[in-house]
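Coordinate analysis (summary)
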Amino acid sequence: MSDVIDRLQGDTSTAENWRERVLDGVGRRLDQMLASKEVTDFSGEAERATVNAMADAVLAANRINDRLGAFYTTDRVRKVLGGISRQAVSERVKNDRLLRVTTADGVVLFPAFQFAHGAVVPGLQKLLKVLLGAGVDGWTVAYWLTARLAQLGETTALDVLTSGDTDRIAELEKLAADDAAGWHAAA
């Protein structure tokens, strides 16, 4: 799967190409499930439920993609950060200096929004230390960074960081500390 994610990073295919690739992938996965006897209900009701669940999953994935954007594999992150080692990537994750998420099926990914010009977005590492230090997972932090924050005029944390406005960045850092404290207390 990670190879597919890297391959599709800059893909500007048409809707028809996307449709064909998705149908091909779904067909292969269904064949695997049938061969392994994971699917045993072939009723019309099960068929309709399956089609509806797949359509719902496509819509949910599209909403996530619209909000979070692209994701990089570890190898892609290594390249983006100038050819650093896998160990260096792991160390940055371990020290809360790089945001990593893990999918439900165990694929490790890195939101591309955290990188700009071959480095981590300036000021983000400070936020990551605070937010991840609260013990929440990477998905929670990814959503927090891309949420429109009422306290900051409906802008996202990433927008504030890239603005370079030191007063707003200080306000953002305080908001992050307050939210992290609340998360930690709730845990």
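Take the sheet that holds strand β1 (residues 71–72) next. Taken together, the 3 strands give an open sheet; going across it, the order is β1-β3-β2, and neighbouring strands pair in antiparallel fashion. Both outer strands of the open sheet, β1 and β2 (101–102), are each paired with one neighbouring strand and no more. Pairing of β1 with strand β3 (residues 108–111), which is carried by 2 bridges, proceeds in the antiparallel orientation. Residue Phe71 lies in a different strand from β3, and its bridge partner there is Pro111.

This part takes up the side chain of Thr74. Checked against the element boundaries, Thr74 lands in helix α4 (residues 74–80). Excluding residues within four positions of it along the chain, Thr74 makes contact with Arg86, Val89, Val108 and Phe110.

Here we take up the side chain of Thr103. Looking at the secondary structure, you find Thr103 in the loop between β2 and β3. Thr103 sits in the buried class, given a relative accessible area of 18%. A polar atom in the side chain of Thr103 sits 2.4 Å from the side chain of Asp105. Setting aside its immediate chain neighbours within four residues, Thr103 contacts Leu109 and Trp139.

Turning to the pairing of β3, a few remarks are in order. Two elements, β2 and β3, share 2 bridges in a ladder whose sense is antiparallel. Residue pairing across strands places Val101 opposite Leu109, the latter belonging to β3.

Let us look at unusual backbone geometry. Positive phi outside glycine occurs at Asp96, with the angle close to 55°. Structurally, Asp96 can be placed in the loop between α5 (86–94) and β2. In this structure, His117 is a non-glycine residue whose phi angle is positive, near 55°. Secondary-structure assignment places His117 in the loop between β4 (115–116) and β5 (119–120).

Glancing now at the environment of Leu175. Within the secondary structure, Leu175 sits in helix α9 (residues 166–186). With a relative accessible area of 10%, Leu175 lands in the buried category. C-alpha separation for the pair Leu175 and Ala157, spaced 18 residues apart in sequence, amounts to 9.7 Å. Those residues in contact with Leu175, other than ones at most four positions away along the chain, are Trp144, Leu149, Gln151 and Leu152.

Turning next to the packing of aromatic side chains. Enumeration according to the criterion identifies 2 aromatic pairs in this entry. Considering the side-chain rings of Tyr72 and Phe115, the 5.7 Å spacing of their centres and the 20° angle between planes classify their relative orientation as stacked. Of this pair, Tyr72 sits in strand β1 while Phe115 sits in strand β4, placing them 43 residues apart in sequence. By the burial criterion, Tyr72 is buried, and Phe115 matches it.

Rules of the game
Residues numbered from 1 in each chain as written. Predicted model: local features only at pLDDT ≥ 70, side-chain atom pairs only at ≥ 80, totals over all residues. Heavy atoms only, no water. Pairing = 2+ DSSP bridges. Helix = DSSP H or I, 4+ residues; strand = E, 2+ residues; numbered from the N terminus. Contact = heavy atoms within 4.5 Å. Buried < 20%, exposed > 50% of the residue type's maximum accessible area, 1.4 Å probe, protein only. Polar contact = N/O pair within 3.5 Å; in protein donor to acceptor, adjacent residues only side chain to side chain. Phe/Tyr/Trp six-rings, centres within 6.5 Å; stacked < 30°, edge-to-face > 60°.

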